[in-house]
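# Structure assessment
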Amino acid sequence: MQLKIYNSLAGEKEIFKPILEGNVGMYVCGPTVYSNVHLGNVRTFLSFDFIYRSLTHLGYKVRYVRNITDAGHLTDDGDVNNDRFVKQTRLEKLEPMEIVQKYTVDFHKVLDMFNLLPPNIEPTATGHIVEQIELTQKLIETGFAYESNGSVYFDVLEYNARGLNYGELSKRNIEELFANTRDLDGQGEKKNPQDFALWKKASPAHIMRWNSPWGEGFPGWHLECTAMSTKYLGETFDIHGGGMDLKFPHHECEIAQGKACNGASPVNYWMHANMLTMNAQRMSKSTGNYILPMQLVSGENDFFEKSFHPAIVRFCFLQAHYRSVLDISNDAMLASEKGFSRLMEALKILNSITPNDEKQSGFSLDDWKAKCYDALTDDFNSPVLIAHLFEAVKFIFALKDEKETISAQGLEDLKSTLNAFVFDVLGLQNIEENNNEKLDQTLQVLIELRNQARKSKNFDLSDQIRDKLLAEGIELKDGREGTTYSIS
Ligand SMILES: [Zn+2]
């Protein structure tokens, strides 16, 4: 089985060869924790969660690192008053680390809701200031960076003069970049407009600041990912992921920093997840075409006619390939809900199928499994994988109607394969099971109330509870171990 990955750097699918056989080092750019995570970000993180799960399922031992950007990073115009953390702290009158904590908790809560697995390491930018200062010093020593008025910039022209190629990932031509950039960031401090900050001098108004050889300041955003990925995955590692919007300048800068520091390209496979649209339009707060993850799940919004369980949202997201634009709409969500129920019903039916070793079925389990794995290993093609899972669903309904047969061994194989794809790889959750849990909790409350009624000799009430439950098909049985129930 060969895994193919679309490498953004090569611009084509390549056969995946990990640096260390059987192991994968994967870094994904995490959130900037100054506001609530938006649905587009959830799509990106969910795509890489699926990729992480797939790699694990395929037998790789994965070290998955996803950072938290908690040190203020510059906006494109470089105005320190526009620094997002400073702005937000003034707005909410909170300590910077209070903002960081609040939105980190929110981020984890949202990702938990959609059943994303936590990364193996989740480093923070503020926890790696020392490493970022060291990298900056190294880049100055090797002549790739220069200090200017308390800030340090990466020298893009010097980088290219040494035969390296700034723009190789985004396929941008450096002359073009120079012609099209106005010098706003750095305000005359930089040699060239494309030079980017490795370290930025803090203005008196700037709250988050650290001591450095160049005075008090804070690290540039691009540098934190180089510092943390190098520390935990090495100078060159297997996979680097992120949203498409990070390709330039963020990832381009990471490549330049890595090559300048270590003389080698930092990443072998660059992977980029595409964006999320709603009703065929870009999601944006300013146009109002915008919804928070929680609002989609709670139903409190103007775009969807009802609430949707997080598992259905997840299922909907995975029906688009991570490199395609995903459009969500009321109809798309309703269709996903329908598909999801059918899939879960098939899994349930599978538990009540009686195998028949005498007759042969027309459905080839081996072919079906091979097709599923072909989809998974073809650049993690979730929509094609899901389509194949539905071939099995169709077969299961035919088994139920006794139009098909399956052997005992085949049944076990189908069960374990389908369960692995649905729950381990796609990361879906059985909603009904969760409902059963709620039902059980509710019944335990009623049993407890009935016991209390009996203790206080209120037999009218205790009988009422028992009889009313029985009328609903729930029978209570009193035994030595206490009261149990059965549902007919
Ligand atoms: Zn990053």
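Residues numbered from 1 in each chain as written. Predicted model: local features only at pLDDT ≥ 70, side-chain atom pairs only at ≥ 80, totals over all residues. Heavy atoms only, no water.

An unreviewed UniProt entry annotates the protein chain as Cysteine--tRNA ligase originating from Chryseobacterium muglaense. Taken directly from UniProt, the Subunit (unreviewed entry) text for the protein chain runs: "Monomer." What UniProt records for the protein chain under Catalytic activity (unreviewed entry) is the sentence "tRNA(Cys) + L-cysteine + ATP = L-cysteinyl-tRNA(Cys) + AMP + diphosphate". (UniProt positions renumbered as here; feature names shortened; annotations may be inferred.)

To continue, consider the overall build of the protein chain. Within the protein chain, the regular secondary structure consists of 16 helices and 15 strands. With 488 residues in all, the protein chain has 51% of them scored as buried. Total accessible area on the protein chain is roughly 23100 Å²; 48% of this is exposed by carbon and sulfur atoms. Within the protein chain, one finds 51 positive and 68 negative side-chain charges whose respective centroids are separated by 2 Å. (Helix = DSSP H or I, 4+ residues; strand = E, 2+ residues; numbered from the N terminus. Buried < 20%, exposed > 50% of the residue type's maximum accessible area, 1.4 Å probe, protein only. Areas by Shrake-Rupley, 256 points an atom, 1.4 Å probe, with all protein chains shown as cover. Lys, Arg positive; Asp, Glu negative; His and termini not counted. Charge placed at Lys NZ, Arg CZ, Asp CG, Glu CD.)

Sheet topology places strand β14 (residues 474–479) next to strand β15 (residues 482–487); six bridges connect them, and they run antiparallel. Looking at β15, one finds that aspartate 478 is bridged to threonine 483. Between β14 and β15, which pair antiparallel in sequence order, lie two residues. (Pairing = 2+ DSSP bridges.)

Moving on, we get to the coordination of the zinc ion. The coordination sphere of the zinc ion, as far as protein atoms go, consists of Cys29 (SG), Cys225 (SG) and His250 (NE2), spread over 2.0 to 2.1 Å. Counting gaps between the donor residues of the zinc ion yields the pattern C-x195-C-x24-H. Within this pair, whereas cysteine 29 is found in the loop between β3 (23–28) and α1 (39–57), its partner histidine 250 is found in helix α8 (residues 247–262), the two being separated by 221 residues in sequence. Comparing cysteine 29 with histidine 250, the two get one shared label, buried. (Donors = N, O, S within 2.8 Å, 3.2 Å for Na, K, Ca; no water.)

Looking now at the domain arrangement of the protein chain. According to the domain assignment, the protein chain consists of domain 1 (4–273), domain 2 (277–425) and domain 3 (431–487). Each of domain 1 and domain 3 was reduced to a C-alpha centroid, and the two centroids are 56 Å apart. (Domains from an automatic or database assignment.)

What follows covers the sheet that holds strand β5 (residues 145–148). Across the sheet, four strands lie side by side as β5-β6-β7-β8; this open sheet has antiparallel pairing. At either margin of the open sheet sits one strand with a lone partner, and together these are β5 and β8 (217–219). Strand-to-strand twist in this sheet, taken as the mean axis angle between neighbours without regard to direction, amounts to 20°. Where strand β6 (residues 151–154) meets strand β7 (residues 196–201), three bridges bridge the pair, whose relative direction is antiparallel. Looking at the pairing, tyrosine 153 lines up with alanine 197 of β7. Running at roughly 120° to β7, helix α4 (residues 129–141) makes contact with β5, β6, β7 and β8 of the sheet. This element, α8, spans β6 and β7 of the sheet and lies at about 85° to β7. (Axes fitted to C-alpha atoms, helices over the stretch in contact; angles between N-to-C directions. Contact = heavy atoms within 4.5 Å.)

Before going further, it helps to examine the nonpolar core. Residues Met26 and Leu55 are the most contacted members of the largest nonpolar core, which totals 89 residues. Taken domain by domain, the makeup of this core includes at least three residues from each of domain 1 (4–273) and domain 2 (277–425). In contact with leucine 55, not counting residues within four places along its chain, are Leu3, Val24, Met26, Tyr60, Val62, Ile239 and Phe380. By size, the runner-up hydrophobic cluster in this structure holds 39 residues, among which are Val65, Tyr159, Leu169 and Trp214. (Core = buried A, V, L, I, M, F, W, Y, C linked by side-chain atoms within 4.5 Å.)

Another aspect to go through is the side chain of threonine 104. Looking at the element boundaries, threonine 104 is found in helix α3 (residues 96–113). In this structure threonine 104 comes out as buried when scored by relative accessible area, which is 14%. Not counting residues up to four positions away in its chain, the partners in contact with threonine 104 are Val33 and Ile68.

Bringing the environment of valine 156 into the picture now. Among the structural elements, valine 156 can be located in helix α5 (residues 156–161). You can call valine 156 buried: its relative accessible area is 0%. Leave out the neighbours within four places in its chain, and valine 156 touches Tyr166, Ile174, Gln194, Asp195 and Phe196.

Looking now at the UniProt feature "short sequence motif: 'HIGH' region" (unreviewed entry) in the protein chain. UniProt records the feature "short sequence motif: 'HIGH' region" (unreviewed entry) at residues 31–41, using the numbering of this structure. The straight-line gap between the two end C-alpha atoms of residues 31–41 is 8 Å; of that span, 27% is helix and 0% is strand.

So, about the environment of lysine 477. You can see lysine 477 is positioned in strand β14. When the C-alpha atoms of lysine 477 and lysine 455 are compared, they prove to be 17 Å apart, with 22 residues separating the residues in sequence. The residues touching lysine 477, leaving out its near neighbours within four places in the chain, are Gly482, Thr483, Thr484 and Ser486. In terms of polar contacts, lysine 477 uses its side chain to reach the side chain of serine 486, at 3.2 Å. (Polar contact = N/O pair within 3.5 Å; in protein donor to acceptor, adjacent residues only side chain to side chain.)

In contact at an axis separation of 10 Å, α1 and helix α10 (residues 310–318) are set at 75° when each is read in the N-to-C sense. As summarised for this structure, α1 and α10 are arranged roughly perpendicular, according to the angle between their axes. Judged by residue contacts, Leu39, Val42, Arg43, Leu46, Asp49, Phe50 and Arg53 of α1 engage Arg314, Phe317 and Leu318 from α10. (Parallel < 35°, antiparallel > 145°, perpendicular 65-115°, else oblique.)

A separate point is the environment of methionine 1. Position of methionine 1 relative to the elements: it lies in the segment before β1 (4–7). The spatial distance from the C-alpha of methionine 1 to the C-alpha of phenylalanine 304 is 41 Å, given a sequence separation of 303 residues.

Overall, the coordinates contain 19 salt bridges when judged by the stated rule. Among the salt bridges present, the one from aspartate 413 reaches lysine 369, with a minimum N-O distance of 3.0 Å. Taken together, the residues span a long stretch of sequence, with aspartate 413 in helix α14 (residues 408–425) and lysine 369 in helix α12 (residues 365–377) at a distance of 44 residues. Its relative accessible area of 23% is what places lysine 369 among the partly exposed residues. A salt bridge links glutamate 412 to lysine 415, with the shortest nitrogen-to-oxygen separation between them at 3.9 Å. Pair noted here: glutamate 412 and lysine 415 are both in helix α14, with a separation of three residues, about one helical turn. (Salt bridge = Lys/Arg side-chain N within 4 Å of Asp/Glu carboxyl O.)

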